[in-house]
Amino acid sequence: MSPFVLTLMAFTALRRNKLRSGLTALGIIIGVSAVICVVAIGEGASAAVERAIANIGANLVWVEAGGVNRNGVRTGSGATKSLTLGDYEAIRAHVPLVTNVTPQADTGVQLVNGNQNWHSSVRGIGPAYVELKDWHVVRGVMFTDLDVERAANVCVLGQTIVDQLFGDQDPLGSVIRVKDQPCKVIGVLEVKGQSPTGQDQDDNLLMPYSTVMKKIKGQTWLDDIMCSAVSASVVDQAEDDIATVLRERHHIRPGADDDFNLRHPTEIAQAVKDSTTTMEALLAAVASVSLLVGGVGIMNIMLVSVTERTREIGLRMAVGAKGRQVLWQFLIEATLLSVIGGAIGVALGLIGADAIATRLQWPTRVSTNAIAIAFGFAAAIGITFGFYPAVRAARLDPIDALRIE
């Protein structure tokens, strides 16, 4: 008997019990669609993190004020006041492997424009900051080194602050109050959107670091020093050179802890990506359980089918059908159930991933590998769980089968 005839007979048997066949395939449908949706969410999150890494820059180096150990009590990062403008000048002058060096002093402030107000973060930085972060001023201009020297009361706004303080009005040339300081708006940053960790990157106000240190925070030390290595391949060496310069300037004895921290933000982004990948694998594994449940359902239904069709099997074998032909017929039925369920599951998974992206605004990216793996796994489930009922049908004794009432 040809494979085509066996497949046709399998289709006929499944059509004979449409409701039962549909319910049997439901586990496969749910499993495949769940796997595709979960993997799409994970791939989308990974893609967002990759974009974040690209935005941060693979060669960014971040020096932050560190902690200290006072009588056995260790303070957290940022607790020291030893990071100074002299350190910034020393790094810029004596570490040739870095470029776009800028000090940074941050704080939270209340911003006021007329009868509108908004609490946001002010970043005191140098003009090189926008080059280092690959940010662009889309309206107006960035402040200059001369503004830094004069500690000028000028600022560049992110779009969120523009929306909150000005609405549809043009903010350029307006004067807002930053804490207790009048500040002229000279530029607006391009829209960056949310970071992979959910932070609004447009809720920032940039000012000269000298203005923030002297007039907003009233401090002489720095919170951070941001810089970028000349290339990603020399980041480690640049970090070593920076550490050497700072340890020498801070008179840190050999073997003693640093009073500063060197961070490579792409490592943080990579850690987020790794955790996202792990969570994706975990959720995909959980979703795959429904595929196994669907496989058990297929095996149960096929065993019931063998019992119901015992006389039919005995009659076929009595007129010359071979055991392997009976085996193949039942195996094809099980495989068809899983393949049809897998195809429907793929369609529903694609629809679900698109709905998640459009309705919930979660980033998704459908992977052809995920589709292929889920569909192949569904087919394998059908073959695996359908094999035992098929073997049982093939081993029936035709005489005993025909005796069953």
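Residues numbered from 1 in each chain as written. Predicted model: local features only at pLDDT ≥ 70, side-chain atom pairs only at ≥ 80, totals over all residues. Heavy atoms only, no water.

**Focus: the pairing of strand 4 (residues 98-113)**
Phase 1: Here five bridges tie strand 4 to strand 11 (residues 224-229), and the two strands are oriented antiparallel to one another. In the strand pairing of strand 11, T102 is matched with M226.
Phase 2: Hairpin connection between strand 4 and strand 5 (residues 116-125): a loop of two residues separates the two successive antiparallel strands, and G114 in this loop has a positive phi of roughly 65°.
Phase 3: For strand 4 and strand 8 (residues 175-178), the ladder comprises two bridges, and the chain directions are antiparallel. (Pairing = 2+ DSSP bridges. Helix = DSSP H or I, 4+ residues; strand = E, 2+ residues; numbered from the N terminus.)

**Considering the pairing of strand 1 (residues 60-65)**
Phase 1: Counting buried positions along strand 1 gives five out of six residues, so the element sits mostly inside the fold.
Phase 2: As paired strands, strand 1 and strand 11 are joined by five bridges and run antiparallel to one another. Within strand 11, the position partnered with E64 by the bridge is D224.
Phase 3: Note that strand 1 and strand 12 (residues 260-263) share four bridges and pair antiparallel. Across the sheet, the residue bridging to E64 is N261, located in strand 12. (Buried < 20%, exposed > 50% of the residue type's maximum accessible area, 1.4 Å probe, protein only.)

**Quick word on the nonpolar core**
Phase 1: F143, L157, I176, V178, L205, L206 and I242 are the most contacted members of the largest nonpolar core, which has 55 residues in total.
Phase 2: For this core, the element with the most residues is helix 8 (residues 235-249), which contributes six residues.
Phase 3: Sequence-distant contacts of I242, that is, excluding residues within four places in its chain, are made with V61, V63, I91, V95, V98, C227 and L262. (Core = buried A, V, L, I, M, F, W, Y, C linked by side-chain atoms within 4.5 Å. Contact = heavy atoms within 4.5 Å.)

**Some points on helix 3 (residues 85-94)**
Phase 1: Looking only at helix 3, the buried set comprises D87, Y88, A90 and I91. Along the axis of helix 3, the buried residues cluster in a sector spanning 165°; they form a single face.
Phase 2: In this structure, the buried residues of helix 3 make contact with strand 4, helix 7 (209-217), strand 11 and helix 8.
Phase 3: For helix 3, the N-terminal capping position is held by T84, with its side-chain oxygen 3.2 Å away from the main-chain nitrogen of G86. (Arc of directions from axis to C-beta. Polar contact = N/O pair within 3.5 Å; in protein donor to acceptor, adjacent residues only side chain to side chain.)

**Considering the confidence of the model for the protein chain**
Interpretation of this model should avoid reading the predicted coordinates in detail wherever pLDDT is low.
Phase 1: Counting all residues, the mean pLDDT for the protein chain is 80, and 80% of those residues have values of 70 or more.
Phase 2: Here strand 3 (residues 73-74) stands out as the element of the protein chain with the lowest mean pLDDT, 40, in contrast to strand 7 (residues 154-157), whose mean of 96 is the highest.
Phase 3: Below pLDDT 50 for its whole length, residues 68-78 participates in 17 contacts with residues either more than four positions away or in separate chains. (pLDDT = per-residue confidence, 0-100.)

**Regarding the state of the cysteines**
Phase 1: A full pass over the atoms with the stated rule returns zero disulfides.
Phase 2: Take C155: it sits in no disulfide, and the sulfur closest to it among the cysteines is that of C183, at 3.3 Å. (Disulfide = S-S within 2.5 Å.)

**A look at the packing of aromatic side chains**
Phase 1: Under the counting rule described, the total for this entry stands at two aromatic pairs.
Phase 2: Their ring planes at 65° and their centres at 6.2 Å tell us that Y88 and Y209 sit as a pair that is edge-to-face. With Y88 in helix 3 and Y209 in helix 7, the pair connects residues that are 121 residues apart, well separated along the chain.
Phase 3: Judged by its relative accessible area of 6%, Y88 is buried.
Phase 4: Exposure remark for Y209: the relative accessible area of 11% places this residue in the buried category.
Phase 5: Ring geometry for Y129 versus W135: centroids 5.7 Å apart, planes at 85°, classification edge-to-face. Summarising the burial analysis for this pair, Y129 and W135 share the class buried. (Phe/Tyr/Trp six-rings, centres within 6.5 Å; stacked < 30°, edge-to-face > 60°.)

**Some points on the pattern of salt bridges**
Phase 1: A full pass over the atoms with the stated rule returns five salt bridges.
Phase 2: One salt bridge in this structure joins D223 and K217, with 2.8 Å as the shortest N-O distance. (Salt bridge = Lys/Arg side-chain N within 4 Å of Asp/Glu carboxyl O.)

**Some details on the environment of D203**
Phase 1: Relative to the assigned elements, D203 resides in the loop between strand 9 (181-189) and strand 10 (204-208).
Phase 2: On a C-alpha basis, the gap between D203 and D163 in space is 9.9 Å, while along the polypeptide they are 40 residues apart.
Phase 3: When sequence neighbours within four positions are dropped, the list of residues in contact with D203 reads W118, H119, S120, S121, T160 and I161.
Phase 4: Side chain to side chain, D203 and W118 meet in a polar contact 3.0 Å long.
Phase 5: At 2.7 Å, the side chain of D203 forms a polar contact with the side chain of S120.

**What to know about helix 6 (residues 159-166)**
Phase 1: Taking burial as the measure, the eight residues of helix 6 include six buried ones, the bulk of the element.
Phase 2: If you check which residues of helix 6 are buried, you get Q159, T160, I161, V162, L165 and F166.

**Some details on the side chain of Q219**
Phase 1: Among the secondary structure elements, Q219 is positioned in the loop between helix 7 and strand 11.
Phase 2: Residues contacting Q219, with those up to four places away along its chain left out, are A105 and M213.

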